[in-house]
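# Residue-level structure breakdown
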Amino acid sequence: MKIFSLLFSSVPVLFLLASCGSSKEESPVAKVRFGLFPNVTHAQGLVARHASRTGQGWIGYEKYLGERIGRPVSIQWYSYNAGPSAMEAMFAGALDFTYVGPGPAINAYAKSRGALLQIIAGSVQGGSALVVPEDSTAGAPEDFRGKVIATPQLGNTQDIACRAWLAKAGLTITQSGGDVRILPTPNPEQINLFRQKKIDAAWTVEPWVSRLESNAKGKILVDESEAITTVLTARREFMSQNPGITKAVIEAHRDLTRWILEHPEDAQKIVVEEIEDLSHSKIDPGLVKQAWKRLLPTHEISQKKLDLFVGDAAQCGFFKNTSDISDIVAPY
């Protein structure tokens, strides 16, 4: 497996022109826009947002970027429920960098024929799973014929993984029907549906996996411990216009990932605080500690795994299996 060690990472950025005739790279203040989700699998984004919001903990992207490009940087953070929504913002020019699952990133890349974005770093591996009620007898895809499985959003990474898992077993899966009903449902809403037995399973990410286990009597049937769960993407237009900032963002992401690996307890506390701030609900720190065991923060990315994901997504009808993603990983 070929692993691309991405020594630099990017994050969504908006820019202010300072004076006539000056380039964006030379403007006095860089307003950088980042996208992220209130999930444990977006650990780097949550820790960086915490530093932006409170000025505490890790040094923060503002300070890191500012020192490297020689002028002030203002970070703006935007939260989304799942990848397709973040990709809509990228297409609209409202984000320059975002943490997102590989599914929506690949889909947006394919739709734009490579013009919209590139993956500039890996972010998190693992931390996603198929959860069923603890009394469920389901043990294989065939057992879900006629059942309902919730996923975070149509076309997001877990939605595609779920459909591909079922389709590989010979079940007919379409975007709106088939042998198994896939019900795109925001993560916070899945718990009540699960408790009320209105869904038979949920394919989701942490901390929602652990919440389903602890708060809704769920158990894991499929643990995607080796899957690419989150990557860091950058809008191509911004990258070409602002190479200095892009390089600094990639370096910041790399060093932040290292800090998280070296300070897991501090990182977990910050993740709890940021998820509570974004979701406006309390979360048990024990859940995040439990979830942490299932994921691995990383700045590396596997092209082979991305290619396999393309095959899965094509099997589900999200885009053609002939889609060329050989240029989706930026050569930093």
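Because the structure is predicted, anything quoted here is derived from the model rather than measured.

### Remarks on the confidence of the model for the protein chain
Chain-level pLDDT for the protein chain is 88 on average; 89% of the residues reach the 70-or-more range. Averaged over each element, pLDDT in the protein chain is lowest for strand E2 (residues 14–15) (32) and highest for strand E5 (residues 97–100) (98). Across residues 1–26, where pLDDT falls below 50, the model places 113 contacts with residues more than four positions away in sequence or in other chains.

### Examining the environment of Gly83
Along the polypeptide, Gly83 turns up in helix H3 (residues 83–91). Along the primary structure Gly83 and Gly35 are separated by 48 residues, whereas in three dimensions their C-alpha atoms are 9.8 Å apart. Non-local contacts of Gly83, meaning those with residues more than four positions away in its chain, are made with Phe37, Val100, Pro104, Gln153 and Asn156.

### Focus: helix H11 (residues 285–292)
Along H11, the positions that sit buried rather than exposed are Leu287, Val288, Ala291 and Trp292. The buried residues of H11 occupy an angular sector of 140 degrees when projected down its axis, which confines them to one face. Looking at the buried residues of H11, the elements they touch are helix H1 (43–54), helix H7 (208–215), helix H9 (243–262), helix H10 (264–279) and strand E13 (295–297). Measuring from the side-chain oxygen of the N-cap residue of H11 to the backbone nitrogen of Gly286 gives 2.9 Å; that N-cap residue is Asp284.

### Considerations on helix H2 (residues 61–69)
It helps to recall that an α-helix has 3.6 residues per turn; residues three or four apart then point in one direction. Restricting attention to buried positions, one finds in H2 the residues Tyr61, Tyr64, Leu65, Gly66 and Ile69. Of the surrounding secondary structure, the elements contacted by the buried residues of H2 are strand E3 (30–36), H1, strand E4 (73–79), E5 and H9. Where H2 ends, the next residue or the one after it, Gly70, has phi of about 80 degrees, a positive value.

### Re the pattern of salt bridges
This structure, assessed with the given rule, holds 20 salt bridges. For the salt bridge of Glu273 with Arg53, the shortest nitrogen-to-oxygen distance reads 3.2 Å. Of this pair, Glu273 sits in helix H10 while Arg53 sits in helix H1, placing them 220 residues apart in sequence. Overall, Glu273 belongs to the partly exposed group, its relative accessible area being 35%. One salt bridge in this structure joins Arg163 and Asp159, with 2.7 Å as the shortest N-O distance. Placement of the pair is Arg163 and Asp159 together in helix H5 (residues 157–167), with a separation of four residues, close to one helical turn. A single burial state applies to Arg163 and to Asp159, both of which are buried. One network of salt bridges, with partners in common, ties together Arg49, Arg53, Glu273, Glu274 and Asp277.

### Points about the pairing of E5
Of the two faces of E5, the one holding Phe97 and Tyr99 and the one holding Thr98 and Val100 are both buried throughout. Taken together, the two bridges between E3 and E5 define a ladder with parallel strand orientation. Among the inter-strand pairings, Gly35 is bridged to a residue of E5, identified as Thr98. Relative to strand E12 (residues 228–235), E5 runs antiparallel, the two being bridged by four bridges. Along E12, the bridge assignment pairs Val100 with Val231.

Parameters at a glance
- Per chain, residues are indexed from 1 in the order of the written sequence.
- Since the coordinates come from a predicted model, pLDDT governs what is reported: local features require at least 70, and pairs of side-chain atoms require 80 or more to be given and counted, while whole-chain, interface and lining totals use all residues.
- To get the side-chain values, all heavy atoms of the structure are used, and hydrogens and water are removed first.
- pLDDT expresses, on a scale from 0 to 100, how confident the predictor is about each individual residue.
- Each helix corresponds to a stretch of at least 4 residues labelled H or I by DSSP, and each strand to a stretch of at least 2 residues labelled E; elements are numbered beginning at the N terminus.
- We call two residues contacting when some pair of their heavy atoms lies within 4.5 Å.
- Relative accessibility thresholds used throughout: buried, under 20% of the residue-type maximum; exposed, over 50%; partly exposed, between the two (1.4 Å probe, protein chains only).
- This arc corresponds to the set of directions leading from the helix axis out to the C-beta atoms.
- For this analysis, a polar contact is any N or O atom pair within 3.5 Å, provided that within protein one partner can donate a hydrogen and the other can accept it, and provided that sequence-adjacent residues contribute only side-chain to side-chain pairs.
- Only one rule defines a salt bridge in this text: a Lys or Arg side-chain nitrogen within 4 Å of an Asp or Glu carboxyl oxygen.
- Two strands pair if DSSP finds at least two bridges between them.

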